[in-house]
Amino acid sequence: MSSDFDPTNVNLDTADPAAVVCYLGAAGNEYNGRLGARISALFVILIVSSAATFFPVIAARVSWVRINIYVYLFARYFGAGVIIATAFIHLLDPAYGEIGPNTCVGMTGHWAVFSWPPAIVLVSVMLIFLLDFVAEQYVERKYGFAHTQPNVERLVTDHPGDTEGAGPPSQSRSLTHQQLHSGDQDEELHIAISRAQERKDQPASKVAENADIEKSSLEQAEEIEERYFQQQIAAFLVLEFGVMFHSVIIGLNLGVAGSEFSTLYPVLVFHQSFEGLGIGARMSAIPFPKRYSWWLPWFLCAGYGLTTPISIAIGLGLRTTYNSGSFIAMVVSGVLDSISAGILIYTGLVELLARDFLFNPELTRSSRRLAFMVFNVFLGAALMALLGKWA
């Protein structure tokens, strides 16, 4: 804001628009007490969001926990809708409000020369695409795993693509490329993986029977599991980190919120629970190899569950000094929200919707199940968008 700007004597025809916008948007520390309620929010969000995140993983990985298939599908596809709505309503829109063209930041210095939120989102989307592409190429080259679709260039042009060095596709695979990507809803993937897990858990005396056949079958199942894990884990980590960036910001804001705290508290409990359900449901579809299965899924669930409470605790520590409306805070929040929006837009539309519904040849043929899956995607998106009215 210009040092000679006098808010009590403003001529709107000659005043610097940036100075006016910065003055109108200026805010100080809004903390207004109720420390006990804020501390309770830390523990309530920790417990509720962690429970929502752990539930799908426990249901998929603990042998004595069995849930109805529709309960699992609800968690998985409701979570997909939540993640997509989060990208647009809870990340992209706030980013425009923090560093967009009509904000104090967006009208100041170099921030005024370009509309930065969509630019940062674009960079984020392209970098995530590049990461996804490189990871997939690495897995395909390491395991000799080729796409099963026909060569489109060979079908529609007189210059077929370069296939030098590409071996013939394996005829012995029990799962297709798309099944490995999206987790087939008709259960072939889950059956293959569960059989591999059962073989791992069998006593040595049983495994010794028909040793040659069992060894070959186990190695094949483990190779399927390893391929699928390596293809999926990079995309999942990107998704989780994108959600966690967002959780850091909302945790800080809840710790120092003023009069709106009473509204934010219950809204953010639902907000974090819905996101946790989405994170857990996607993780439950990843077959972690035995060397990771005893710790990594639980570590990732705990990481999400702890992020917002830790951020709330930091906000409480800074409750009398932190100003969420300061120029620096707006820049940091706007950039992180834009990055996270790009991550979740790509992940939600490509990894969660396109691969599960449009490019999955093994998609269930059950009209009832398909309708249930699509309904829950829309339900998750609608409820999360509604929460955007308050937080």
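Residues numbered from 1 in each chain as written. Predicted model: local features only at pLDDT ≥ 70, side-chain atom pairs only at ≥ 80, totals over all residues. Heavy atoms only, no water.

**Focus on the overall build of the protein**
Of the regular secondary structure elements, the protein holds 14 helices and 0 strands. Moving toward the C terminus, one meets the helices and strands of the protein in the order α-α-α-α-α-α-α-α-α-α-α-α-α-α. Among the 391 residues that make up the protein, the fraction classed as buried is 45%. Counting only carbon and sulfur atoms, one obtains 65% of the accessible surface of the protein, whose full area is about 19700 Å². (Helix = DSSP H or I, 4+ residues; strand = E, 2+ residues; numbered from the N terminus. Buried < 20%, exposed > 50% of the residue type's maximum accessible area, 1.4 Å probe, protein only. Areas by Shrake-Rupley, 256 points an atom, 1.4 Å probe, with all protein chains shown as cover.)

**With respect to the pattern of salt bridges**
In this structure the tally under the stated criterion is 4 salt bridges. Between D356 and R76 there is a salt bridge, with the nearest N and O atoms lying 3.3 Å from each other. Highlighted residues: D356 in helix α13 (residues 327-358) and R76 in helix α3 (residues 69-99), separated in sequence by 280 residues. There is no split in this pair, since D356 and R76 are both buried. Residues R355 and E351 are paired through a salt bridge, measuring 2.8 Å at the closest nitrogen-oxygen approach. Taken together, the residues R355 and E351, both in helix α13 and 4 residues apart, mark about one turn of the helix. (Salt bridge = Lys/Arg side-chain N within 4 Å of Asp/Glu carboxyl O.)

**A closer look at the packing of helix α2 (residues 35-61) against helix α10 (residues 261-284)**
Taken N-terminus to C-terminus, the directions of α2 and α10 make an angle of 20°; their axes are 7 Å apart at the nearest point. As far as their axial angle goes, α10 and α2 are roughly parallel. The handedness of the crossing between α2 and α10 comes out as right-handed. (Axes fitted to C-alpha atoms, helices over the stretch in contact; angles between N-to-C directions. Parallel < 35°, antiparallel > 145°, perpendicular 65-115°, else oblique. Left-handed = near helix turned anticlockwise from the far one by under 90°.)

**Some points on the packing of aromatic side chains**
Overall, the coordinates contain 15 aromatic pairs when judged by the stated rule. Note on Y70 and F372: the rings are 5.0 Å apart at their centroids and 85° apart in plane angle, and the pair reads as edge-to-face. With Y70 in helix α3 and F372 in helix α14 (residues 367-387), the pair connects residues that are 302 residues apart, well separated along the chain. Classification of F372 as partly exposed rests on a relative accessible area of 25%. When the ring of F270 is compared with that of F274, the centres are 6.2 Å apart and the planes differ by 55°; the resulting orientation is tilted. Here F270 pairs with F274, and both are found in helix α10, just 4 residues apart, close to one helical turn. (Phe/Tyr/Trp six-rings, centres within 6.5 Å; stacked < 30°, edge-to-face > 60°.)

**Looking at the confidence of the model for the protein**
Per-residue confidence for the protein gives a mean pLDDT of 78; residues scoring 70 or more make up 77%. Predicted confidence in the protein is weakest over helix α5 (residues 152-156), with a mean pLDDT of 43, and strongest over α14, with 93. Below pLDDT 50 for its whole length, residues 163-186 participates in 70 contacts with residues either more than four positions away or in separate chains. (pLDDT = per-residue confidence, 0-100. Contact = heavy atoms within 4.5 Å.)

**Concerning the nonpolar core**
One finds F236, L239, M283, F288, L300 and L344 to be the most contacted residues of the largest nonpolar core, which totals 29 residues. Elements represented by at least two residues in this core include exactly α3, α4 (116-143), α9 (211-256), α10, α12 (296-317) and α13. For this core, the element with the highest residue contribution is α9, accounting for 7 residues. By size, the runner-up hydrophobic cluster in this structure holds 13 residues, among which are L42, A257, Y265 and V269. (Core = buried A, V, L, I, M, F, W, Y, C linked by side-chain atoms within 4.5 Å.)

**Concerning the packing of α3 against α13**
Remark: α3 packs on α13, axes separated minimally by 8 Å, with the N-to-C direction vectors making an angle of 150°. Taken together, α3 and α13 sit at an angle that is classed as roughly antiparallel. At the point where α3 passes α13, the crossing takes the left-handed sense. When grouped by side-chain class, the residues that make up the contact of α3 with α13 number 21 nonpolar, 7 polar and 4 charged. (Nonpolar A, V, L, I, M, F, W, Y, C, P; charged D, E, K, R; others polar.)

**What about a nonpolar patch on the surface?**
A cluster of nonpolar residues, L122, V123, M126, L127, F129, L130, F133 and V134, forms a patch on the protein surface that exposes about 760 Å² of accessible area. Within the secondary structure, M126 sits in helix α4. (Patch = residues over 30% accessible without salt bridge, like charges linked within 9 Å, V, L, I, M, F, W, Y side chains within 5 Å.)

**A look at the environment of R76**
Overall, the relative accessible area of 2% leaves R76 in the buried class. Residues R76 and I279, spaced 203 residues apart in sequence, show a C-alpha to C-alpha distance of 8.6 Å.

**Focus: the side chain of E351**
With a relative accessible area of 7%, E351 lands in the buried category. Within the structure, the side chain of E351 is placed 2.8 Å from the side chain of R355, a separation counted as a polar contact. For E351, the residues in contact, after removing those within four places along its chain, are D132, A235, R282, Y346 and D356. (Polar contact = N/O pair within 3.5 Å; in protein donor to acceptor, adjacent residues only side chain to side chain.)

**Some thoughts on the side chain of T53**
Note on placement: T53 falls in helix α2. Taking relative accessible area as the criterion, T53 reaches 0% and is therefore assigned buried. For T53, the side chain forms a polar contact with the main-chain oxygen of S49, separated by 2.7 Å. In this structure T53 touches G276, L277, I279, G280, C301 and Y304, once residues within four positions along its chain are discounted.

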